[in-house]
Amino acid sequence: MMSLSQYFSKTPEEARRKFLAACATANIDTTPFQCPATIPSGAGPDAGGDQFWWIDVARLGSPDATRVAVLCCGLNGVEGYCGSGILVAWLAENRQQELPRDVAVVLVHGVNPGPLITTGYTAGTTAAVTPRETTDSTPAARGWTDKVLAAAERRFLEYTRKNSAPMDAADQPRPANIWVEKIFESISDIVTKKATHAALVEFHTNLSGVGDVSIYSCHKAESASDGRVIDWFGPNSGTQLDGPAVADALLLNLERDLGNADLTAMVVEFGVYSAQSVLAIDPPKTTRDRRERYQRLFYPESPVWRDNVAKEARSVIRRVVQGLDAL
């Protein structure tokens, strides 16, 4: 049996190529979204010329399904590679054939082609949003920098503190990048269709121990949605004392755009920490060197780690689908 680590990638181009190939092999249509901006030549990890930012969306299952699971790559930094490998491996194993009749799955795939760690993930826009739509507050040809992401998170957290019900908001502050909102409005159209229930699963890595898998609810404690996460994954997955987990897709107002679908959202984090991996990070000599070392820390190259991530994610996806089917 071939290792699942083969489905993980080292570059945004490789990740997109593998995802589109897996969809084509499974006869699944994809919808591409392209950011109107590019990363200048020399700025990306391969320094191979200007690079576009892409998000590709695929919907699997019955078009009449009333339950939809939305599986997202982490939208910031090297976590996109982890989510990409998970989605590609899940497709390559033909797990979509296990879907119940009334459950569909939407895959939201994308990897930031810009400088890793220091530059946030950027979503794209559709041809319907051309030429570039900008506002005075839109960073020119750059998209989501750390500064913009931090500002969006501050607005979101300020809202949750004032309203104590972050998942029920119909008027959450809108991000500055209008084209980012456009893509998530389009994704919500693909997601919802006839959906009455939706589940959002966003994949990340964290500095817990290698092999650890943590699931965190994105809802107000003791809410019905928080209760569903606990029912599916146990009491440790419920909202923590420091508040709900914040998924990148929710910062981009995906929840607001889902219409009347009852949402159950969670963040899934895979541990990367080991003493060996930390000791292997020597003092960096250049900025590029620092990025590469951080990438190896937060996105381990170990085939064993990647195999385990793909297998654990497969289990998480199966339980989410079963949970939706039982609603």
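Use the structure listed above.
All figures in this text were calculated on a predicted structure; none of them were measured in a lab.

**A word on the overall build of the protein chain**
Regarding its fold elements, the protein chain presents 10 helices and seven strands. Counting the 327 residues in the protein chain, one finds 54% classified as buried. Put simply, of all contacts in the protein chain between residues at least 6 apart along the chain, 80% involve residues at least 24 apart. As displayed, the protein chain has an accessible area near 14,500 Å², and 50% of this comes from carbon and sulfur atoms.

**As for the side chain of T239**
Relative to the helices and strands, T239 resides in the loop between α5 (224-233) and α6 (248-251). Residue T239 is classed as buried on the basis of its relative accessible area of 17%. Here S217 takes part through its side chain, which lies 3.3 Å from a polar atom of the side chain of T239. Not counting residues up to four positions away in its chain, the partners in contact with T239 are S217, H219, K220, A221, D226 and P244.

**Section: the nonpolar core**
Judged by nonpolar contacts, the single largest core of 48 residues is most densely connected at L91, L107, F203, M266, F270 and V320. The biggest single contributor to this core is helix α10 (residues 303-326), with nine residues. Leave out the neighbours within four places in its chain, and V320 touches A69, A199, V201, W232, F233 and M266. Of all hydrophobic cores here, the second largest spans 31 residues; its members include F33, I183, I187 and A247.

**Some words on the side chain of R95**
One can find R95 in the loop between α2 (79-92) and β4 (103-109). Setting aside residues no more than four positions away along its own chain, R95 makes contact with W90, R314 and R318.

**Description of the packing of α2 against α10**
To characterise two packed helices, one gives the angle between the axes of the helices and the distance between these axes. Where α2 contacts α10, the two axes come as close as 9 Å, and the packing angle between them is 65°. For the element pair α2 / α10, the angle class is roughly perpendicular. Of the two possible hands of crossing, α2 and α10 adopt the one that is right-handed. Where α2 approaches α10, its residues C82, I86, A89 and W90 are matched on the opposing element by W305, V309, A310, A313 and I317. The residue inventory of the contact of α2 with α10, partitioned by class, reads nine nonpolar, no polar and no charged.

**Observations regarding the packing of aromatic side chains**
Considering all chains together, one arrives at three aromatic pairs under this definition. Ring centres 6.3 Å apart and planes at 25° place the aromatic pair F203 and F270 in the stacked group. Linking F203 in strand β5 (residues 197-209) with F270 in strand β7 (residues 262-273), this pair joins segments that are 67 residues apart in sequence. For the pair F203 and F270, one class covers both residues: buried.

What counts, and at which threshold
Residues numbered from 1 in each chain as written. Predicted model: local features only at pLDDT ≥ 70, side-chain atom pairs only at ≥ 80, totals over all residues. Heavy atoms only, no water. Helix = DSSP H or I, 4+ residues; strand = E, 2+ residues; numbered from the N terminus. Buried < 20%, exposed > 50% of the residue type's maximum accessible area, 1.4 Å probe, protein only. Contact = heavy atoms within 4.5 Å. Areas by Shrake-Rupley, 256 points an atom, 1.4 Å probe, with all protein chains shown as cover. Polar contact = N/O pair within 3.5 Å; in protein donor to acceptor, adjacent residues only side chain to side chain. Core = buried A, V, L, I, M, F, W, Y, C linked by side-chain atoms within 4.5 Å. Axes fitted to C-alpha atoms, helices over the stretch in contact; angles between N-to-C directions. Parallel < 35°, antiparallel > 145°, perpendicular 65-115°, else oblique. Left-handed = near helix turned anticlockwise from the far one by under 90°. Nonpolar A, V, L, I, M, F, W, Y, C, P; charged D, E, K, R; others polar. Phe/Tyr/Trp six-rings, centres within 6.5 Å; stacked < 30°, edge-to-face > 60°.

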